[in-house]
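One-letter residues, chain by chain:
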Amino acid sequence: MIDPKSIAFDIDGVIANTMQLFIEIVRQEHGVDWVRYEDITSYSLEDCLELDPKIIKDVVQRLLEGNYKALLDPIDGAADTLGCIGNQHPILMVTARPVIGPIGQWMKALLSPFGVTAEIILTGYFEAKVDVLLERRMTHFVEDRLETCFLLDKAGIVPILFKQPWNRQPHPFIEVATWDELAELIDCK
C-alpha cells in the first residue's frame, strides 16, 4: 500500500478529462466533429490528429486560458479518492502547465464538497516535475505521459501510469485504468 502522504498527482489526463474537453472545443469552436478520444494516440496532438496546427494551437491556448463554453469534467472517481486522501494528508499536484488559469478554481470546486484543498505546483515543462517531487520527498507520482514516467523512474520516483490512448506503448510501470484501481493501491481509509 502506498502511503497517501508520499503520492502526488498530475492534473491533465489524470484528474481532469482535458482531452475530452479538447475534443469539445474543436467541435464547438472549429466545427470539426470527427475527432474521437481514441484518435489521440500521442501526447503530441500534431502527430496523431490530421488537424490544422493553427486549430490545435488555438484550442490548447483556449484550454489554458479558460476561453471555452464546454465543461471540463473530472475523470470518474478522482474527486472521491482525492477527498479521502485530503482528509488525512495534504494533496500535492504537479503539472507542466505554465500558468494556473482556470484549473485552480476548477480544482477548488472539485474538492470543496470534501472539505479539502490541494497545493498545485506549476512547472512549465514536464522535466521539471522530477525536481519538485524529489524536493517534496514524494515516492510515487500518478502521470499519464509515458515519457515523464521514464524520467521519474530514473530519478527513483515510482511512476503510476494512468492508462490513456496516448500512452499505449510497452513500459515496465504500474498502470491503472481507473481511480478505483488507483484507490486500491493507496492506504486511504
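That block above? That's the structure.
Computed from a predicted structure; not experimentally measured.

Caption draft 1: How the structure looks around the packing of helix 1 (residues 18-30) against helix 3 (residues 53-65). Two elements in contact, helix 1 and helix 3, have axes separated by 10 Å at closest approach and are oriented at 120 degrees. One finds that helix 1 runs oblique with respect to helix 3. Here helix 1 runs over helix 3; the crossing is right-handed. Contacts between helix 1 and helix 3 involve T18, L21, F22, I25, V26, E29 and H30 on the former and, on the latter, I55, I56, D58, V59, V60, R62 and L63. Here the contact of helix 1 with helix 3 is composed, by residue class, of 9 nonpolar, 2 polar and 3 charged.

Caption draft 2: How the structure looks around the nonpolar core. Judged by nonpolar contacts, the single largest core of 48 residues is most densely connected at F9, I15, F22, M93 and W179. Among the elements that make up this core, the one with the highest residue count is helix 1 (6 residues). Those residues in contact with F9, other than ones at most four positions away along the chain, are I15, L82, I85, I91, L92, M93, V94, F141, V142, W179, L182 and I186. If you look at the next biggest cluster of nonpolar residues, it comprises 11 residues, including V94, F141, L152 and I157.

Calculation criteria
- Per chain, residue numbering runs from 1 following the sequence as it is written.
- A pLDDT threshold of at least 70 governs which residues receive local features in this predicted model, and a stricter bar of 80 or more applies before side-chain atom pairs are shown or counted, although totals over entire chains, interfaces and linings include all residues.
- Only hydrogens and water are set aside; all other atoms, that is, all heavy atoms of the structure, feed into the side-chain values.
- Orientation is described by axes fitted as lines to C-alpha atoms, over the contacting stretch for helices, and by angles from 0 to 180 degrees between their N-to-C directions.
- Here a strand is any run of E in DSSP of at least two residues, a helix any run of H or I of at least four, and the numbering for each starts at the N terminus.
- Orientation is classified from the angle alone, with under 35 degrees giving roughly parallel, over 145 giving roughly antiparallel, 65 to 115 giving roughly perpendicular, and any other angle giving oblique.
- Rotating anticlockwise by less than a right angle from the far helix to the near helix defines a left-handed crossing, while the corresponding clockwise rotation defines a right-handed one.
- Working rule for contacts: check all heavy atoms of both residues, and any pair within 4.5 Å makes them a contact.
- For this scheme, ten residues count as nonpolar: Ala, Val, Leu, Ile, Met, Phe, Trp, Tyr, Cys and Pro. Four count as charged, namely Asp, Glu, Lys and Arg, and the remainder, Gly too, count as polar.
- What makes a nonpolar core is a set of buried Ala, Val, Leu, Ile, Met, Phe, Trp, Tyr and Cys residues whose side-chain atoms join them at distances within 4.5 Å.
- Each residue is placed in one exposure class: buried if its accessible area under a 1.4 Å probe, protein chains only, is under 20% of its type's maximum, exposed if it is over 50%, and partly exposed if it falls in between.

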